[in-house]
Structure formats: C-alpha cells, structure tokens
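Fold and geometry: a report
Residues per chain, in single letters:
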Amino acid sequence: MPVSEVNSTQQSTAANTYVRKDAQPNNSMLSMDDFWKLLAAQLRYQDMSNPMSNSEMMGQLTQMATMSAMDGMSTIVNTAMSNMAQISLSTYATTLLGREITVADVDKNGDLVGTTTGVVEGLSLTGSNPYLYINGKEYNLSQIMSMGKLPQKEEEGGDETGKDEGTGEGDKTETETPAV
C-alpha cells in the first residue's frame, strides 16, 4: 500500500497494535534503550502531513539526557552512601577494641543459646561486615548486646531509690558534669 493511501486511523491502529515481546512484567522504569525505541516508533508512525516539530524532538532529547544524568548521579550517590555506611561500621568496630562487651551466642539457625562477656581482643575488617574477636571466638557486630557486663537481675526487691547509702549521693539536686 503506498504511503499516500495510509490515513491517520490506520497509523493509530498500527501504533496501538505494536507489542513488545521482550517487555518485562515489572517495567516501572524506562531505560535509555526503551526511550530510543519509543522515539523511533514515534518517528516511524508519525503523520506525514503533521510531522513532529524540531522543538518537540529537542525537548524529548533534552529530557532523555536529563534522565540519563540523573540515573548516573543516582548510581554515584548509592555507591557513596554504601561506602560511607561501611566506613561508619568499621569506625564503630575499631572503637570497641579493648572494651568489655556482652555478645549473643547463637546457633546455626540464629537462635540465642547464651551470652559471652569479654574484652574485644581483635577485629577483622575484611569483607562487607566487621567481626570482633572475644576470647578467641568471632562475633558479628549485630550480636552485640551491651557494653560491659550485663547487670544481674535481683530476685527479691532491692533499694530502688537511687541513693548510695552512706554518701547521700541520691539527695543532690544539682547536676554535675563528670570529669573527663
């Protein structure tokens, strides 16, 4: 059929019946490749009596370049955030060296089987997660339960007034800054 015989209804039908066979079910984001395919289809099926204006095409190309730049920036920001999180974890782990902490002992299934209290003897900063060494055993940072020893729970009620008998410390109303 010659081009002169194609009317706008046939063009719309042709454009609407085009189906991508390689489309993914979850295509919530368009890639640059998708944009180029859409632009090519738009040019291919445009009305010859009313073609796309140059300013419209430049607007779409500018929009595409902006999307590409934003995607690149998103990748850079995500990488930077990931690196900063890794640095933060490593810094936190190094501050624990020589400190007494209580960690959870877990079995193969991740269930709590007990606790260990000891001084952090070393660190492993290789890989994506720092590991602490206490009494020669490796622990993940996520296993930390407390700094220092866990307080023993008293079975019978104790003195809950907050006073230190003999010193009168609980009677003070002023706040003091501890000496560093």
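Small disclaimer: the values here were computed from a predicted structure and weren't measured.

What counts, and at which threshold
- Residues numbered from 1 in each chain as written.
- Predicted model: local features only at pLDDT ≥ 70, side-chain atom pairs only at ≥ 80, totals over all residues.
- Heavy atoms only, no water.
- Pairing = 2+ DSSP bridges.
- Helix = DSSP H or I, 4+ residues; strand = E, 2+ residues; numbered from the N terminus.
- Core = buried A, V, L, I, M, F, W, Y, C linked by side-chain atoms within 4.5 Å.
- Buried < 20%, exposed > 50% of the residue type's maximum accessible area, 1.4 Å probe, protein only.
- Contact = heavy atoms within 4.5 Å.
- Axes fitted to C-alpha atoms, helices over the stretch in contact; angles between N-to-C directions.
- Polar contact = N/O pair within 3.5 Å; in protein donor to acceptor, adjacent residues only side chain to side chain.
- Expected span 1.5 Å × (residues − 1).
- Arc of directions from axis to C-beta.
- pLDDT = per-residue confidence, 0-100.
- Parallel < 35°, antiparallel > 145°, perpendicular 65-115°, else oblique.
- Nonpolar A, V, L, I, M, F, W, Y, C, P; charged D, E, K, R; others polar.
- Salt bridge = Lys/Arg side-chain N within 4 Å of Asp/Glu carboxyl O.

Remarks on the pairing of strand 4 (residues 137-140)
Here strand 3 (residues 131-134) pairs with strand 4 via 4 bridges, running antiparallel. Paired with Leu-132 across the bridge in strand 4 is Tyr-139.

Quick look at the nonpolar core
If you look at the biggest cluster of nonpolar residues, it comprises 10 residues: Ala-93, Leu-96, Ile-101, Val-103, Val-120, Leu-132, Ile-134, Tyr-139, Leu-141 and Ile-144. At the level of secondary structure, the elements contributing two or more residues to this core comprise strand 1 (100-106) and strand 3. Leaving out residues up to four positions away in the same chain, Leu-96 has contacts with Ile-101, Val-120, Leu-132, Leu-141, Ile-144 and Met-147.

Remarks on the sheet that holds strand 3
One open sheet accounts for 5 strands, arranged 4-3-2-1-5; its pairing is antiparallel. With one partner strand each, in any of the chains shown, strand 4 and strand 5 (144-147) form the two edges of the open sheet. The average undirected angle you get between the axes of adjacent strands in this sheet is 45°. Of the strand pairs in this sheet, strand 2 (residues 112-124) and strand 3 are connected by 4 bridges, and their pairing is antiparallel. Bridge pairing in strand 3 places Gly-122 opposite Tyr-133.

Focus on the side chain of Asn-140
Within the secondary structure layout, Asn-140 lies in strand 4. Under the relative-accessibility criterion, Asn-140 is labelled buried at 16%. Among the polar contacts listed, one links the side chain of Asn-140 to the side chain of Asn-129, at a separation of 3.4 Å. If sequence neighbours within four positions are ignored, Asn-140 has contacts with Asn-129, Pro-130 and Tyr-131.

Remarks on helix 2 (residues 32-44)
Since there are 3.6 residues in each turn of an α-helix, residues three or four apart along the chain are aligned in direction. For helix 2, with 13 residues, the first-to-last C-alpha span of 18 Å sits near the 18 Å given by 1.5 Å per residue. Where helix 2 is concerned, the buried positions are Asp-34, Phe-35, Leu-39 and Ala-41. One side of helix 2 carries all its buried residues, which in axial view fall inside an arc of 160°. Where helix 2 is buried, its residues contact helix 3 (54-95).

Some words on the confidence of the model for the protein chain
Summing up the model confidence of the protein chain, the mean pLDDT is 74 and the portion of residues at 70 or higher is 67%. When pLDDT is averaged over each helix and strand of the protein chain, the minimum, 52, is found for helix 1 (residues 8-17) and the maximum, 92, for strand 3. Under a pLDDT of 50 for its full length, residues 161-178 has, in the predicted model, 6 contacts with residues more than four places off or in other chains.

Details of the packing of helix 2 against helix 3
Between helix 2 and helix 3, the shortest axis-to-axis distance is 11 Å and the interhelical angle comes to 170°. By the criterion of interaxial angle, the relationship of helix 2 to helix 3 is roughly antiparallel. Here Met-32, Phe-35, Trp-36, Leu-39, Gln-42 and Leu-43 of helix 2 come into contact with helix 3, specifically with Glu-56, Met-57, Gln-60, Leu-61, Met-64 and Ser-68. In terms of residue class, the contact of helix 2 with helix 3 is built from 8 nonpolar, 3 polar and 1 charged.

A short note on the pattern of salt bridges
Counted by the stated rule, this structure contains 2 salt bridges. Here Asp-33 ties to Lys-37 by a salt bridge, and the two come within 3.4 Å at their closest N and O atoms. Within this pair, Asp-33 and its partner Lys-37 are both found in helix 2, separated by 4 residues, close to a single helical turn. On the basis of relative accessible area, Asp-33 is assigned to the partly exposed category, the value being 45%. Note on Lys-37: relative accessible area 37%, which makes it partly exposed. Between Lys-137 and Asp-105 there is a salt bridge whose closest N-O contact spans 3.7 Å.

So, the pairing of strand 2
Sheet analysis places strand 1 next to strand 2, joined by 7 bridges and oriented antiparallel. Looking at strand 2, one finds that Thr-102 is bridged to Thr-117. The turn joining strand 1 and strand 2, which pair antiparallel and follow one another in sequence, is formed by 5 residues; a positive phi near 85° is taken by Gly-110. A loop of 6 residues connects strand 2 with strand 3, the two strands running antiparallel in sequence, and Gly-127 in this loop sits at a positive phi of about 85°.

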